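Each chain, letter by letter, is given below.
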Amino acid sequence: MSTGIKNGKQHTFNICISLLLFLFVVISSVAASDNGPKTEGKWVIVIDPGHGGKDPGAVGSFSFEKNINLAIALRTGEYLQANLKNVKVIYTRDDDSTVDLRERPKIANKNNADLFISIHSNWAKSKSVTGAETYIMGLAKNEANLEVAMKENEVLLREDDHSTKYQGFDPKSPESYIIFSLTQNLYQKQSSELASKVQTEFSERVNRNDRGVQQAGFWVLFNTTMPAVLIETGFITNLGEEKYLNSTEGQDYLASAIYRACREYINDIESKSGIPAGASQDNGSKPNMGSVDADSSNELLFMVQVSASGTRTEIKPENFNGLKDISEIYTEPRYRYATGRFTDYSEAVKYRKQVESVYPGAFVIAVKGNKILPLHQALEQKRKK
Ligand SMILES: [Zn+2]
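On a predicted model such as this, the values are computed, not experimentally measured, just so you know.

Draft legend 1. Geometry of the environment of Gly234. Within the secondary structure, Gly234 sits in strand E6 (residues 228-235). Exposure remark for Gly234: the relative accessible area of 0% places this residue in the buried category. In this structure, the C-alpha to C-alpha distance between Gly234 and Leu254, residues 20 residues apart in sequence, is 9.8 Å. Non-local contacts of Gly234, meaning those with residues more than four positions away in its chain, are made with Ser121, Asn122, Gly131, Glu241 and Leu245.

Draft legend 2. Up close: the nonpolar core. By size, the foremost hydrophobic cluster in this structure holds 36 residues, and its most contacted members are Leu80, Ile117 and Leu194. With nine residues, helix H9 (residues 248-273) is the single largest residue contributor to this core. Filtering out sequence-adjacent residues up to four positions away, Leu80 remains in contact with Ile45, Ile47, Val87, Val89, Tyr259 and Cys262. Leu146, Phe169, Phe180 and Leu230 belong to the second-largest nonpolar core, a separate cluster that totals 29 residues.

Draft legend 3. The sheet that holds strand E11 (residues 371-373), seen in detail. Taking strand neighbours across the sheet as the criterion, the five strands line up as E8-E9-E7-E10-E11 in an open arrangement whose pairing is antiparallel. On the outer flanks of this sheet lie strand E8 (326-331) and E11, each paired with one strand and no other. Each strand axis lies, on average, 50° off the axis of its neighbour in the sheet, ignoring direction. Bridge count between E8 and strand E9 (residues 334-342): six bridges; the pairing is antiparallel. Its bridge partner being in E9, Thr331 is matched across the sheet by Arg334.

Draft legend 4. Structural view of the coordination of the zinc ion. For the zinc ion, the full set of protein donor atoms is His51 (NE2), Glu65 (OE), His120 (ND1), Glu152 (OE) and Glu152 (OE), at a range of 2.0 to 2.5 Å. The sequence pattern formed by the donor residues of the zinc ion is H-x13-E-x54-H-x31-E. Residue Glu65 is found in helix H2 (residues 65-83), and its partner Glu152 is found in helix H4 (residues 143-153); the two are separated by 87 residues along the sequence. On the accessibility criterion, Glu65 (1% relative accessible area) is buried.

Each value, and the rule that gives it
Residues numbered from 1 in each chain as written. Predicted model: local features only at pLDDT ≥ 70, side-chain atom pairs only at ≥ 80, totals over all residues. Heavy atoms only, no water. Helix = DSSP H or I, 4+ residues; strand = E, 2+ residues; numbered from the N terminus. Buried < 20%, exposed > 50% of the residue type's maximum accessible area, 1.4 Å probe, protein only. Contact = heavy atoms within 4.5 Å. Core = buried A, V, L, I, M, F, W, Y, C linked by side-chain atoms within 4.5 Å. Pairing = 2+ DSSP bridges. Axes fitted to C-alpha atoms, helices over the stretch in contact; angles between N-to-C directions. Donors = N, O, S within 2.8 Å, 3.2 Å for Na, K, Ca; no water.

Remember, this is a structural readout, not a statement about activity or role.
Structural data, given as structure tokens:
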């Protein structure tokens, strides 16, 4: 696809080449994931017990995280399958086997899952820290959340040949996390709805200390193509909580809470859509794949054009190098595709730099009422305001 207009200057990037390569691999792997046949009318929930096999995860005073995660995950799956006829559960592991970090989201993507739930136990330097928190994909808003993501992502360093497989992504380097700002998460709202239901169940029904819904850059969440959460069920480093997490009763309570949160999430969506479970996605197309109208209001916006074509392109990440926030603008005789929307020109320029790594010819355009204005005219208008 040609962009029609060539952008003269190519900016040199601060991001090292390995990160760029890594990005291409991520995006192509997401794009390449074939959408497996969807089980008719069923919600497919992929449950991912963190760590396993040679990776114990966080280590407590008498237990390993991997075993706690597995027990809670299996129990959650049992609850779901026993009580919800319209749910099919798939595990990324159902025993103490080693599963590479990058394989976990792939399992969910291949099975065209509706939900991805990664189950973990937390670690802290201070032994007094307790509580449960649920993460969604996003840029960490504070140091503590970034540390949790770093610790969880670190497991990839144990894998053979990890620098090749993850294209130089260093889970210990804060700079590596810049890649997570490139794509906007299409499923953030749904993920956050599920996450808050999990937290509500934990605090109100299971009496856990509620650490809330958080966001950070987790490898497993970044690579999924459906609503996804990562649950930190409690701190293995606090003796009381470690005992609870290892007890049959504790595991059962936590699992039933996750199950109820899923049930409520499913019921919410079904009642909103008025269609049976999973049916909304049976035709293989996911909802909200992108808006077609760039902007129906008359506000002057800056966007980043990534491509243009005489024929229409279906708006889905696979067709746009993994970009999830694409709008279509029709200007005779072509369709233009653009991402982002900013009222501030300099913000759009910043965003273009990010987009450039997957669309080297991307450039900023000005849009008003679904029409494209010459950039200088748009800037003039802004200046006069
Ligand atoms: Zn973990």
